[in-house]
Amino acid sequence: MASGTTEVMWVTTMQQQDVVDLLREQHEQIKSLFGRVAAATGTEKRELFEQLVRLLAVHETAEEEVVHPAARRSMPGAEQMVDARLREEDEAKHALAALYDLGVDHPEFDGKLGMLAEAVIAHAEREEAEEFPRLREEIPADRLRRMTGAVKAAEATAPTRPHPMSGESALGNLIAGPPLAIFDRMRDRVRDWRESDGH
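Residues numbered from 1 in each chain as written. Predicted model: local features only at pLDDT ≥ 70, side-chain atom pairs only at ≥ 80, totals over all residues. Heavy atoms only, no water.

A. Broad picture of the overall build of the protein. Assigned secondary structure in the protein consists of 8 helices and 0 strands. Reading the protein from its N terminus to its C terminus gives the helix and strand order α-α-α-α-α-α-α-α. Across the 199 residues in the protein, those meeting the buried criterion constitute 42%. Residue pairs in contact within the protein that sit at least 24 positions apart in sequence constitute 74% of those at least 6 positions apart. Taken as a whole, the protein presents about 10,600 Å² of accessible surface, with 53% of it coming from carbon and sulfur. (Helix = DSSP H or I, 4+ residues; strand = E, 2+ residues; numbered from the N terminus. Buried < 20%, exposed > 50% of the residue type's maximum accessible area, 1.4 Å probe, protein only. Contact = heavy atoms within 4.5 Å. Areas by Shrake-Rupley, 256 points an atom, 1.4 Å probe, with all protein chains shown as cover.)

And the structure:
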């Protein structure tokens, strides 16, 4: 009985989580992954970097396609703030692509990773201080909860690990490849979600 009650409470909590909660959680995961990539070596470093690329792609695509446009529409005078966040995200994507091209074994990788980490963390802090509180003020709670669907749509595009039966299929290779291509695939999926959600 106790375990059933716990399960119900967990489901209820998940149902109540809104996109702001989810993005804040991802900010913490991103910070942690930057540190883990920096500390790792060899194959582990490469795998952790792929995880970082995937998480950043999920996170930034949902923000660019759903969260920032909602902020622009709902918040008076938000255009300058949203434009600044979008510029920062575009710079981070290209820095991530440059790191991918460099390779984790390159002697300059860690230094450039550190610079990217600083920029991404500063970007996240600005979102949490400026944009996220206003989202909660201006957008209805049920809409913020529905917007978590954009994050889930992006996550579904790039599974954490290839399916064991996928072999060398495109689905199995979604977590590999150039970061900008991963961002493009996720953008298409999130736009499909947005259309189906009537947003």
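After that view of the structure, there is still more to cover.
B. The packing of helix H2 (residues 19-39) against helix H5 (residues 109-138), seen in detail. H5 packs onto H2 with a crossing angle of 165° between their chain directions and a minimal axis gap of 10 Å. On the basis of the axis angle, H2 is roughly antiparallel to H5. With respect to the hand of their crossing, H2 and H5 are arranged in left-handed fashion. For the contact of H2 with H5, the per-class residue count stands at 15 nonpolar, 1 polar and 7 charged. (Axes fitted to C-alpha atoms, helices over the stretch in contact; angles between N-to-C directions. Parallel < 35°, antiparallel > 145°, perpendicular 65-115°, else oblique. Left-handed = near helix turned anticlockwise from the far one by under 90°. Nonpolar A, V, L, I, M, F, W, Y, C, P; charged D, E, K, R; others polar.)

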